[in-house]
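Summary of structural features
Here is how the chains run, residue by residue.
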Amino acid sequence: MLESKIPSGPIEKKWEKARFEMKLVNPANRRKHTVIIVGSGLAGASAAASLAQQGYNVHCFCFQDSPRRAHSIAAQGGINAAKNYRNDGDSVHRLFYDTVKGGDFRAREANVYRLAQISVNIIDQCVAQGVPFAREYGGLLDTRSFGGVQVSRTFYARGQTGQQLLLGAYQALEEQIASGCVNMHTRSEMLDLVIVNGKARGVVTRNLLTGAIECFSADVVVLATGGYGNVFYLSTNAKGCNTTAIWRAHRRGAYFGNPCFTQIHPTCIPVSNENQSKLTLMSESLRNDGRVWVPKKKGDTRPPTQIPEDERDYYLERRYPSFGNLVPRDVASRAAKEVCDEGRGVGPGGQGVFLDFSDAIRRMGESVVREKYGNLFDMYEEITGENAYQVPMRIYPAVHYTMGGLWVDYQLMSTIPGLFVAGEANFSDHGANRLGASALMQGLADGYFILPYTIPNYIASSSLEKVDTSHPAFAAAKEDVNKRIARLLGIQGKRTVDSIHKELGKLVWNNCGMARSAEGLKANLQKIPALREEFWNNLKIVGTGEELNQSLEKAGRVADFLELGELMALDALEREESCGGHFRVESQTPDGEALRDDEKFSFVSAWEWKGEGGQWELHKEPLTFEHVHLAQRSYK
């Protein structure tokens, strides 16, 4: 039985009650304890800085050459908070409601309410750090709207919000590095988790420059390594983003929650050719002022400026008059796919829709649009060669965020005692669909405001015998890592890592992407194991393990994706309903919207690894809804 450890009492008092009941560690005793944090994005950097400031010894690991290169830097549009500066009806309860509804009622109410409460503190924290949020003429912080809500609660720094927030967390982290409280390990990739007497007590890493395999011990391990969207090969994620840290922990006993819940972002630059290696996000904030449309007539290839108003279909405004262009991401993505499938898509191959700013430019003036979105327009022109001030942008849905991740309880601890998981690496707060501008909110909430309470509580409540890297468990885990590397290097087949990854990505995208069917998912459960067999028998890696070897790095990550891709198909097949980004074609309303089955599937899927060859056991955490009434989502 999964124990979520949700506190009793009124929902608005649960977090306050939990914090009071948590045990504390004496400041003098904190120096005796070590915390390992894997990942240095918003969740990892904020947790490392906060725990080090409390007095704990922190080891922080990232595979980049600097924490500043964490993928959090790529977030563009903003961060949500229930400050209600606009006085437009927002509140903590409304943010909570919008998030539960936006996730199609597949998230824990208690976690989401806590996130909404903490959101108001995050903005104050970041302003104090010097994050240059946009401000109105009078000096107050400005906000804008995002999908799935009818208030303006998103704080932003042009189209660079993730970058500015990460620099704030990075400065806090660097202060602790300079003080000697954080030992920063760059160019280090976690390859295994070390378990001692049932508790997480360390990690095994590979130095990506020298190939050295090293062990590190601690009292607590935190994984803050982001999402697994690159299982699809083409995604908006940086190419280095992977699932290895959480997947190796999963193989050691951490349950994996809702692996099939992935988010398709509606506002990305369309695929241009077969050789493309990643996709580029155009911020959802653009849907504040841009209008989405396609020609009414199939096969209309005229330039957009030559298509009259009465021959345009502003299909989101037509179908969803209440929310219009600001419907949630899953709804907007499916609608774009439908009009393109009808033959009304634009651009090469008909895989695109227009995002048009001509009305906004007429209404506000080009200078105002430049001030709000200028760097995004510049990025679009640099990639496509088109001036979006003069012609509409072309956009199409793409894989962006993963709501699934390691299962955690209310305290963000996995099923392995002592292993905590933060940010996108856990399954926690978004249900079956994440509302825009909520990823940065969750990452900073976990790192700045939740883990600094729950980790000390675990340390104070647990019997943690002294363990160092001389313990036999470290030698055993290190040997497992070395054997895996030797096996990869010893295959000496003919196929490149990228060719296999690309083939896997097409299988996952076509059969477990924007639409899923029992037929396609069953096909994947046959094809992915066959592809995995091909990988382990016909892979070609050049070079050795004792050097910088990016082919070897990628091979280890793709090996994990090949197992994860199978679990995603298994989870999607098991969940015979549609909810949020998980759209089973067999389960939809008459007008094509996602149709949930609350009687059978109101639960979190938590999968336990049972060994090689696609063996998992499903555990279920029931979800109850006491404060948000279960209803068919409607944005009409």
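The rules behind these values
- Residues numbered from 1 in each chain as written.
- Predicted model: local features only at pLDDT ≥ 70, side-chain atom pairs only at ≥ 80, totals over all residues.
- Heavy atoms only, no water.
- Core = buried A, V, L, I, M, F, W, Y, C linked by side-chain atoms within 4.5 Å.
- Buried < 20%, exposed > 50% of the residue type's maximum accessible area, 1.4 Å probe, protein only.
- Helix = DSSP H or I, 4+ residues; strand = E, 2+ residues; numbered from the N terminus.
- Contact = heavy atoms within 4.5 Å.
- Pairing = 2+ DSSP bridges.
- Disulfide = S-S within 2.5 Å.
- Expected span 1.5 Å × (residues − 1).
- Arc of directions from axis to C-beta.
- Salt bridge = Lys/Arg side-chain N within 4 Å of Asp/Glu carboxyl O.
- Bend = angle between axes of the 7 residues up to and from the residue.
- Right-handed = clockwise from strand over helix to strand, strands pointing away.
- Axes fitted to C-alpha atoms, helices over the stretch in contact; angles between N-to-C directions.
- Parallel < 35°, antiparallel > 145°, perpendicular 65-115°, else oblique.
- Left-handed = near helix turned anticlockwise from the far one by under 90°.
- Nonpolar A, V, L, I, M, F, W, Y, C, P; charged D, E, K, R; others polar.
- Polar contact = N/O pair within 3.5 Å; in protein donor to acceptor, adjacent residues only side chain to side chain.

**Observations concerning the nonpolar core**
I79, L223, L419 and F535 are the most contacted members of the largest nonpolar core, which has 185 residues in total. In terms of residue count, helix α16 (residues 550-574) provides more of this core than any other element does, 12 residues in total. Ignoring any residue separated from it by four or fewer positions in sequence, one finds I79 in contact with I122, I123, F133, R153, T154, F155, T161, L165, A437, L440, M441 and L444. With five residues, the next largest nonpolar core counts W293, I307, V346 and F354 among its residues.

**Description of the pairing of strand β15 (residues 353-356)**
In β15, alternate side chains face the same way, and those of V353 and L355 on one face and F354 and D356 on the other are all buried. Note: β15 against strand β16 (residues 393-402), three bridges, orientation antiparallel. For V353, the partnering residue across the bridge sits in β16 and is I395.

**Here's the deal with the state of the cysteines**
Here is the idea: a disulfide is a covalent bond, and it sits between the sulfur atoms of two cysteines. Here the structure, examined in full by the defined rule, presents zero disulfides. No disulfide involves C241; its sulfur sits 12 Å from the nearest other cysteine sulfur, which is in C62. Under the relative-accessibility criterion, C241 is labelled buried at 15%. Left unpaired, C340 is separated from the closest cysteine sulfur, that of C268, by 13 Å.

**What to know about helix α14 (residues 497-512)**
Taking 1.5 Å per residue, 16 residues should reach 22 Å; α14 reaches 21 Å between its end C-alpha atoms and fits that length. If you check which residues of α14 are buried, you get V497, I500, H501, L504, G505, L507, V508, N511 and C512. When α14 is viewed along its axis, its buried side chains cluster within an angular range of 165° and face the same direction.

**Side note on the pattern of salt bridges**
In this structure the tally under the stated criterion is 54 salt bridges. With a closest N to O distance of 3.4 Å, K5 and D409 form a salt bridge. Placement of K5 in the segment before α1 (14-21) and of D409 in the loop between β17 (405-406) and β18 (419-421) is noted, with a sequence separation of 404 residues between them. Judged by its relative accessible area of 2%, D409 is buried. One salt bridge in this structure joins E311 and R302, with 2.5 Å as the shortest N-O distance. If you follow the salt bridges from partner to partner, you end up with D104, R106, D330, R334, R575, E577, R596, D598 and R633 in one network.

**What about helix α5 (residues 109-128)?**
In this model α5 runs 30 Å from its N-terminal to its C-terminal C-alpha over 20 residues, within 8% of the 28 Å that 1.5 Å per residue would give. Helix geometry: α5 is bent most strongly at S119, by close to 35°. Trailing α5 by a residue or two, G130 shows a phi angle of about 95°, which is positive.

**What about the pairing of strand β1 (residues 34-38)?**
Put simply, side chains in a regular strand alternate between the two faces of the sheet. Counted residue by residue, β1 has five buried out of five residues, so it is predominantly covered. Across the two faces of β1 the burial is the same, with T34, I36 and V38 and V35 and I37 all buried. As paired elements, β1 and strand β2 (residues 57-61) share five bridges and run parallel to each other. The residue of β2 that forms the bridge with V38 is F61. For the handedness criterion, the β-α-β arrangement of β1, helix α3 (residues 42-54) and β2 is classed as right-handed.

**Section: the packing of α3 against helix α12 (residues 439-461)**
α12 packs onto α3 with a crossing angle of 30° between their chain directions and a minimal axis gap of 8 Å. If you check the angle between α3 and α12, you find them roughly parallel. For the element pair α3 and α12, the recorded crossing hand is right-handed. Of the residues in α12, those touching α3 at L42, A43, S46, A47, S50, L51 and Q54 are L440, G443, L444, G447, Y448, L451, P452, I455 and P456. Classifying every residue of the contact of α3 with α12 by side-chain character gives 11 nonpolar, five polar and no charged.

**Details of the sheet that holds strand β19 (residues 603-609)**
Where strands meet in a sheet, backbone hydrogen bonds hold them as pairs that are either parallel or antiparallel. A sheet is described by the order of its strands in space; here four strands give the open sequence β17-β11-β19-β20, paired in antiparallel fashion. One side of each edge strand has no neighbouring strand; the edge strands of this open sheet are β17 and β20 (616-622). One ladder, built from two bridges, connects strand β11 (residues 256-257) with β17; its direction is antiparallel. Bridge assignment links F256 to a residue of β17, and that residue is L406. In the packing of helix α7 (residues 244-251) onto the sheet, contacts are made with β11, β17, β19 and β20, and the angle to β19 comes to roughly 75°. Here α16 sits on the sheet in contact with β11, β19 and β20, set at roughly 140° to β19.

**Topic: the side chain of S283**
When you line up the elements, S283 lands in the loop between β12 (262-268) and β13 (291-295). For S283, the side chain forms a polar contact with the main-chain nitrogen of G77, separated by 3.5 Å. Setting aside anything within four residues of it in sequence, one finds S283 in contact with Q76, G77, F146, T267 and L376.

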